[in-house]
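Residues per chain are reported as follows:
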Amino acid sequence: MGDTHIVTAAACGGMVSVVAGNTTALVAEMQRRHGMTATVSAAAGRLITGATLLGSALKGRERVSLQVVGDGPIGALSAEAIIVAERTIGARAYARYPTVDVPLNARGKLDVGTAVGRGNLQVTKSYEVGQPYNGLVALETGEIGDDIAAYLAHSEQIPSIVALGVLVDANGVKAAGGIIAQLLPGADETTIAQLEDRAKWMPPITQQIADGADPQTLVRRLVGDDVKWYQTFDTMFACRCTREKVETALMGLGRDELLEIAKKREETEAICDFCRHRYILTPEEVLALTEKFPTLD
């Protein structure tokens, strides 16, 4: 199977920005943590792959978050990417209802669009300084790749080609990855038309990855050999949850509520939505939180 990393490049005489990657290990870890069904794995896997590819443009402590809220049985999906170390992108994702499933579509494929339903995609970019940027678009198909392309076209005015895929069976995730090609200022309509035509005839991303194609090969098959390579990133499942954040959230319940919890519960459990890590607090630890509230003299 192709190398599991992300590459960025410019192509077509510098008129196109490209990022491609194999996210098989990342998506497999997400699926394992959440016990996702095949359809939910495909939906959330595409979203975390999209977030990871967009995350290649991040700097420092910036992060990009993608949230899909639809009226399908999945309910909602969320994915986030950050730079966790030099040349390493960390990502996490979850689905509100990870164990739901729907029948295969008419082509015998996983029906991600039906599972997601109609709704919106929100993209949030958080910066080290200043307010976050939020973009919101209606879902085009619920298939995730089309919806990210719609966001780039409508919210950022960047014509783009987005191909994302997850190959999953009863034994787990077999292949996952994607490619995003974006027109840069000065590119003409002919360029995007040529890329769209190549994308239409190109084998599915997951088939290419399963057959051994690495990210560089994915790029060349879409844009040709006129490529200037920039950066290479490793990827990993990474969560920002901490015990301190859990304690802060519990303190939001108020001092009186925490006193009741400490008195009635042998243990207090909090589970992170993204990574499923369990945080357990004893009554003594909950009681200690009440001492952090300011007292009136």
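These notes cover the structure that comes with them. (Residues numbered from 1 in each chain as written. Predicted model: local features only at pLDDT ≥ 70, side-chain atom pairs only at ≥ 80, totals over all residues. Heavy atoms only, no water.)

Before going further, it helps to spend a moment on a negative patch on the surface. Together, Asp-188, Glu-189, Glu-196 and Asp-197 line one region of the surface with negative charge. Along the polypeptide, Glu-196 turns up in helix α5 (residues 189–201). (Patch = residues over 30% accessible without salt bridge, like charges linked within 9 Å, V, L, I, M, F, W, Y side chains within 5 Å. Areas by Shrake-Rupley, 256 points an atom, 1.4 Å probe, with all protein chains shown as cover. Salt bridge = Lys/Arg side-chain N within 4 Å of Asp/Glu carboxyl O. Lys, Arg positive; Asp, Glu negative; His and termini not counted. Charge placed at Lys NZ, Arg CZ, Asp CG, Glu CD. Helix = DSSP H or I, 4+ residues; strand = E, 2+ residues; numbered from the N terminus.)

Attention now moves to the packing of aromatic side chains. The full count for this structure, using the stated rule, is 1 aromatic pair. For the pair Tyr-94 and Phe-274, a centre-to-centre distance of 4.8 Å together with 90 degrees between the ring planes defines the contact as edge-to-face. Pair noted here: Tyr-94 is in strand β5 (residues 88–95) and Phe-274 is in the loop between β11 (268–271) and β12 (278–281), with a separation of 180 residues, a long-range link. In this pair, the class of Tyr-94 matches that of Phe-274, namely buried. One Lys or Arg, Arg-92, reaches over the ring of Phe-274 and ends 3.8 Å from the middle of that ring. (Phe/Tyr/Trp six-rings, centres within 6.5 Å; stacked < 30°, edge-to-face > 60°. Buried < 20%, exposed > 50% of the residue type's maximum accessible area, 1.4 Å probe, protein only. Lys NZ or Arg CZ within 6 Å of the ring centre and 35° of its normal.)

Before going further, it helps to examine the sheet that holds strand β6 (residues 119–126). Read from one edge of the open sheet, 10 strands run β7-β6-β3-β4-β5-β10-β1-β2-β9-β8, paired in mixed fashion. At either margin of the open sheet sits one strand with a lone partner, and together these are β7 (133–138) and β8 (160–169). Between one strand axis and the next, the sheet turns through 15 degrees on average, direction left out of account. In the packing of helix α2 (residues 38–55) onto the sheet, contacts are made with β1 (5–11), β2 (16–22), β3 (63–70), β4 (76–85), β5, β8, β9 (172–183) and β10 (227–237), and the angle to β4 comes to roughly 40 degrees. Along the sheet, α5 contacts β2, β8 and β9; its crossing angle with β8, the most-contacted strand, is approximately 15 degrees. (Pairing = 2+ DSSP bridges. Axes fitted to C-alpha atoms, helices over the stretch in contact; angles between N-to-C directions. Contact = heavy atoms within 4.5 Å.)

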